[in-house]
There are 2 protein chains.
Amino acid sequence: MRPESRYRQIARILRREIHEGILPRGGRLPSEKQMEERFDASRNTIRLALGMLRNQGLIVSRPGRGHFVQDVVPDTFHANRSGSKGLNESGMAGQNLEELQLLSATPDIASRLRVPEGAMVVVRRMYRFSGEISSSVSAAYYPMDLVQDTPLMLPQDVESALAVLAEYGQRQVGFVDELQTRMPGPQEADQLELPPGVPVLVVHRTDLSEERPIRLVHTVYAGHSIRYQYEHGDMSAYHRD
Amino acid sequence: MRPESRYRQIARILRREIHEGILPRGGRLPSEKQMEERFDASRNTIRLALGMLRNQGLIVSRPGRGHFVQDVVPDTFHANRSGSKGLNESGMAGQNLEELQLLSATPDIASRLRVPEGAMVVVRRMYRFSGEISSSVSAAYYPMDLVQDTPLMLPQDVESALAVLAEYGQRQVGFVDELQTRMPGPQEADQLELPPGVPVLVVHRTDLSEERPIRLVHTVYAGHSIRYQYEHGDMSAYHRD
DNA sequence: CCACCCAACTTGTACCAACAAGATGAGAAG
DNA sequence: CTTCTCATCTTGTTGGTACAAGTTGGGTGG
């Protein structure tokens with residue numbers, strides 16, 4: 001049995017102090033130099049410990065300022081209330097169309113939309129924000145033949161894309177969600193302004209009419225600011241107070 | 001505009017080689033000494049780059065062996081097929097009862113089960129594995145008054161807990177799932193044998209009868225080995241081939 | 001032929017030094 | 001009083017060294 005390494009000990013101690021509230025959320029940790037003395041370890045070792053906590057999403061580090069206890073409370077996303085909207089609370093929420101694009105379906109997109117590989121699809125990229133921070137980026141893929149001659153071909157926001165599709169004869173009657181989690185790539189970390197140690201929640205939603213898939217939405221959420229909620233069956237006992 | 005730091009450059013180069021398949025999945029990276037020469041950087045800098053990739057879940061490191069490209073393909077969990085089972089494929093899957101315990105409800109558990117804070121609840125902890133690796137750990141919480149005098153009070157596996165509850169008058173008619181992602185704590189990383197850089201998917205499922213919540217299941221999945229799938233509404237267009 | 005040991009490789013931990021760069025507040029200058 | 005500068009504190013980056021510990025394969029000795 002080998003002893004726990006020094007930096008892991010230090011990380012464990014700090015982790016405990018965070019969980020117990022000795023170091024309050026949003027509060028600043030002692031500087032690295034102060035910790036050198038407190039733990040009688042070199043700065044490198046201290047930084048190894050802090051790096052662990054950072055990669056566990058417990059602290060964020062700001063150059064020149066210090067290390068701070070992470071302090072983000074997640075919003076709840078209600079997956080099966082009202083097809084398009086969802087984020088609640090926290091004023092200043094909204095979403096914007098970022099870009100409209102045409103491309104030919106990759107194997108993954110094609111299989112989900114049930115169109116031939118290489119078929120043309122319309123992509124509408126958007127980002128959603130709540131308050132200051134953007135909380136998700138998403139892309140919606142439509143089979144070209146469905147959206148031809150609809151407002152969805154125009155580079156402007158639409159009230160409800162599903163309502164538009166319904167007007168043109170394809171009403172959404174169900175969906176399949178596929179959820180996955182992983183660490184963000186550098187590009188995603190940048191877009192979502194994610195500090196190290198925060199994973200992303202990836203959601204693939206396939207919207208369906210009675211006949212066929214009509215839309216694929218690929219959304220990447222910042223993991224520390226989202227709770228995804230699903231309801232199934234008879235919920236009366238839950239919402240009763 | 002400040003230049004990209006050396007170790008980030010190196011990480012970016014290696015990341016690209018991994019994504020392009022130049023470094024195949026499961027394959028071994030050059031040793032740190034070799035990379036020192038290739039990138040003309042100190043071992044410290046190389047290790048910073050490798051640490052980044054490790055914390056992004058792209059590589060795993062084995063002392064004495066080397067650094068390897070991560071190679072795990074996720075299973076799909078079908079959330080609303082058959083109440084209890086779910087994991088498919090990959091032979092040797094199963095689950096075992098780990099521990100049975102009585103405790104008084106914490107505020108969080110109490111509010112989800114709609115019981116008074118401090119009320120007694122029965123906890124059944126279990127782990128699920130597929131093949132060699134354990135893929136999730138979970139704990140099911142039952143209000144004490146529901147499971148008294150049922151097999152769920154006994155420390156042995158039961159075929160279907162929901163079937164037992166139905167026998168005793170509380171049939172499940174719906175559920176609420178709440179999904180969340182975060183980095184694992186050290187204890188979770190240990191139980192699930194998670195390498196650094198792999199987040200967990202946390203699912204709180206509240207099962208409901210027509211009258212009240214009858215069970216709360218808290219499950220922690222290894223993020224790199226799980227896809228959570230959810231279906232809603234009319235799915236015929238999706239399963240039609 | 002087999003078992004053991006050890007040299008040589010690997011990554012992990014820990015230390016030191018130095019400089020860069022972001023942030024802040026005190027104090028000088030207007 | 002207001003504004004600017006700068007000393008000083010902070011974290012970030014990069015270099016170095018040394019030793020510990022896990023792994024492997026070859027060679028030695030039985």
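Values in this document were obtained by computation on a predicted structure and should not be read as measured data.

### Considerations on the protein's contact with DNA strand D
The environment of DNA strand D is made up of 25 residues, and the closest members are A:Arg43, B:Arg6, B:Tyr7, B:Asn44 and B:Thr45. Between DNA strand D and A:Arg43 there is a distance of 2.7 Å, counted from a base nitrogen to a side-chain nitrogen or oxygen. Of all the secondary structure elements, the ones that give two or more residues to the surface near DNA strand D are α3 (43-55), β1 (59-62) and β2 (66-69) of chain A together with α1 (6-19) and α3 (43-55) of chain B. By residue class, the composition of the surface near DNA strand D is 4 nonpolar, 10 polar and 11 charged.

### Section: the domain arrangement of chain A
According to the domain assignment, chain A consists of domain 1 (6-69) and domain 2 (75-229). For domain 1 of chain A and domain 2 of chain A, the distance between their C-alpha centroids amounts to 37 Å.

### What about the interface of chain A and chain B?
The extent of an interface is frequently quoted as the accessible surface area lost upon association of the parts. Between chain A and chain B, the contact holds 45 residues from the first and 47 residues from the second. A combined buried area of about 4000 Å² lies between chain A and chain B, and 53% of that area is made up of carbon and sulfur atoms. A per-residue breakdown of the area chain A buries against chain B is headed by A:Tyr230, A:His232 and A:Tyr238, which together make up 16% of the total. Joining chain A to chain B, the criterion identifies 2 salt bridges. Here B:Glu178 makes a salt bridge to A:Arg227, at a shortest N to O gap of 2.6 Å. Across the chain A-chain B interface, the total number found is 14 residue pairs in polar contact (both at pLDDT 80 or more). Every element with two or more residues in the side of chain A that touches chain B is listed here: β7 (174-182), β8 (200-208), β10 (226-233) and α8 (236-239) of chain A. Broken down by element, the side of chain A that touches chain B gets its largest block of residues, 9 residues, from β7(A).

### Notes on the relation of the copies chain A and chain B
With an RMSD of 0.1 Å, the operation that places chain A on chain B is a rotation of 180° combined with a shift of 0.1 Å along the axis. On this basis, the relationship between the two copies can be described by a two-fold rotation axis.

### Focus: unusual backbone geometry
A positive phi angle is found at A:Glu193, which is not glycine, with a value near 55°. Tracing the chain through its elements places A:Glu193 in the loop between α7 (186-191) and β8.

### Some details on the protein's contact with DNA strand C
Taken together, 25 residues lie near DNA strand C, and A:Arg6, A:Tyr7, A:Asn44, A:Thr45 and B:Arg43 sit nearest. Of what DNA strand C places within 4 Å of the protein, 68% of the atoms are sugar or phosphate. Between DNA strand C and A:Arg8 there is a distance of 3.4 Å, counted from a phosphate oxygen to a side-chain nitrogen or oxygen. Contributing elements (two or more residues each) for the surface near DNA strand C: α1 (6-19) and α3 of chain A together with α3, β1 (59-62) and β2 (66-69) of chain B. The class makeup of the residues in the surface near DNA strand C is 4 nonpolar, 10 polar and 11 charged.

### Concerning the pattern of salt bridges
Summed over the entire model, instances satisfying the criterion amount to 28 salt bridges over all chains. One salt bridge in this structure joins A:Arg47 and A:Glu32, with 2.7 Å as the shortest N-O distance. Note that A:Arg47 is positioned in helix α3 and A:Glu32 in helix α2 (residues 32-39), a separation of 15 residues in sequence. The closest approach of N and O atoms between B:Glu4 and B:Arg12, which form a salt bridge, is 2.9 Å. Since its relative accessible area comes to 42%, B:Arg12 is described here as partly exposed. Here the residues in one salt-bridge network are A:Asp108, A:Arg112, A:Glu178 and B:Arg227, joined through shared partners.

Reading guide: rules and limits
- Residues numbered from 1 in each chain as written.
- Chains lettered and ligands numbered in written order.
- Predicted model: local features only at pLDDT ≥ 70, side-chain atom pairs only at ≥ 80, totals over all residues.
- Heavy atoms only, no water.
- Near = heavy atom within 4 Å.
- Polar contact = N/O pair within 3.5 Å; in protein donor to acceptor, adjacent residues only side chain to side chain.
- Helix = DSSP H or I, 4+ residues; strand = E, 2+ residues; numbered from the N terminus.
- Nonpolar A, V, L, I, M, F, W, Y, C, P; charged D, E, K, R; others polar.
- Domains from an automatic or database assignment.
- Contact = heavy atoms within 4.5 Å.
- Buried area = accessible area lost by both parts, 1.4 Å probe.
- Salt bridge = Lys/Arg side-chain N within 4 Å of Asp/Glu carboxyl O.
- Least-squares fit on C-alpha atoms with pLDDT ≥ 70 in both.
- Buried < 20%, exposed > 50% of the residue type's maximum accessible area, 1.4 Å probe, protein only.

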